[in-house]
Amino acid sequence: LPPLPDGYHIRKICSDDYGRGALEVLKALTTVGEITNKEFEHTIETWARHPEIYHTLVILDLSETVVAIGSVIVESKLIHHCGKVGHIEDIAVRPNQQGKKLGCTLIRHLIKIAGSLDCYKVILDCDPANEMFYAKCGLSKAGTEMQFRF
Ligand code: ACO
């Protein structure tokens, strides 16, 4: 796995990351909304009840501020002999920390988790503008994204 800058570390998300700026980082990705500390904790607790499915990692800097966040969701299937697929979701790096390889390091850790849980592949949807980023993290283009929006 690629090294992090000195003093940075990566770990599972926890409820206290609300106060460490986890939601600010996600705002680099999309609309987050005004989430209260209690709502944040509720979601973390929901994930914690299904530890085999939800895996969200954060990278923190020297000042214990969240600088990157991302998840892999492990889906159990019937096909491929009851195989598992990892879905990489909601990757974001704090704008003033982009370009330091934090994004790629996070992706490599998420792929390692999926591999250790015997997933036969890891997939994600992204904007075409991010294709080169994911290619540099070792992923290759496959298929077309479709959606139905409510
Ligand atoms: N286009 C082309 N190359 C890129 C891009 C890009 N948009 N972003 C990064 N790269 C390249 C870097 O230059 C670097 O190349 P190098 O190894 O030759 O030097 C390599 O990819 C690795 O880049 P990192 O430094 O690891 O990327 P960073 O930490 O800046 O994170 C990310 C990239 C996550 C896309 C960040 O810019 C970000 O948070 N953007 C806003 C939110 C977003 O779009 N997230 C992805 C959504 S898709 C999903 O969640 C499944």
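Residues numbered from 1 in each chain as written. Predicted model: local features only at pLDDT ≥ 70, side-chain atom pairs only at ≥ 80, totals over all residues. Heavy atoms only, no water.

S.K.: How would you summarise the nonpolar core if you had to cite specific residues and measurements?
M.R.: Within the largest apolar cluster, 21 residues are counted, with the highest numbers of intra-cluster contacts made by Ile 59, Ile 91, Leu 106, Ile 107 and Leu 110. Contributions of two or more residues to this core are made by strand S2 (54-60), strand S3 (66-76), strand S4 (84-93) and helix H4 (102-116). If one sorts the elements of this core by residue count, H4 sits on top with seven residues. Sequence-distant contacts of Ile 59, that is, excluding residues within four places in its chain, are made with Leu 4, Tyr 8, His 9, Ile 10, Thr 65, Val 66, Val 67, Ala 68, Leu 102 and Leu 106. Within the second largest apolar cluster, 13 residues are counted, among which are Leu 26, Ile 44, Val 66 and Ala 92. (Core = buried A, V, L, I, M, F, W, Y, C linked by side-chain atoms within 4.5 Å. Buried < 20%, exposed > 50% of the residue type's maximum accessible area, 1.4 Å probe, protein only. Helix = DSSP H or I, 4+ residues; strand = E, 2+ residues; numbered from the N terminus. Contact = heavy atoms within 4.5 Å.)

S.K.: Describe in detail H4, supporting the description with residues and values.
M.R.: Helix length check: H4 (15 residues) gives 21 Å between terminal C-alpha atoms against 21 Å at 1.5 Å per residue, within 8%. Looking at the buried side of H4, the elements it contacts are strand S1 (9-12), S2, S3, S4, strand S5 (119-123) and helix H5 (131-136). The first or second residue beyond H4 is Asp 118, which carries a positive phi of 70°. (Expected span 1.5 Å × (residues − 1).)

S.K.: Report on the state of the cysteines, specifying residues and quantitative values.
M.R.: With the rule as written, the count across this model stands at one disulfide. With no disulfide of its own, Cys 126 has Cys 137 as its nearest cysteine by sulfur position, at a separation of 10 Å. Taking the relative accessible area as the measure of exposure, Cys 126 reaches 26% and is therefore partly exposed. (Disulfide = S-S within 2.5 Å.)

S.K.: Break down the site of the ligand for me, citing the residues and quoting the values.
M.R.: Lining the immediate environment of the ligand, one finds 22 residues, of which Ile 91, Val 93, Gly 99, Lys 101 and Gly 103 sit closest. Within the backbone of Val 93, a nitrogen or oxygen atom sits 2.8 Å from an oxygen atom of the ligand. Note that an oxygen atom of the ligand is positioned 3.5 Å from one of the backbone N or O atoms of Lys 100. For the ligand, whose unbound accessible area comes to 980 Å², protein coverage reaches 73%. Counting only elements with at least two residues in the shell around the ligand, the list comes to S4, H4 and H5. Here the element with the most residues in the shell around the ligand is S4; it accounts for five residues. Each residue belonging to the shell around the ligand can be placed in one class, and the counts come to 13 nonpolar, four polar and five charged. (Near = heavy atom within 4 Å. Polar contact = N/O pair within 3.5 Å; in protein donor to acceptor, adjacent residues only side chain to side chain. Areas by Shrake-Rupley, 256 points an atom, 1.4 Å probe, with all protein chains shown as cover. Nonpolar A, V, L, I, M, F, W, Y, C, P; charged D, E, K, R; others polar.)

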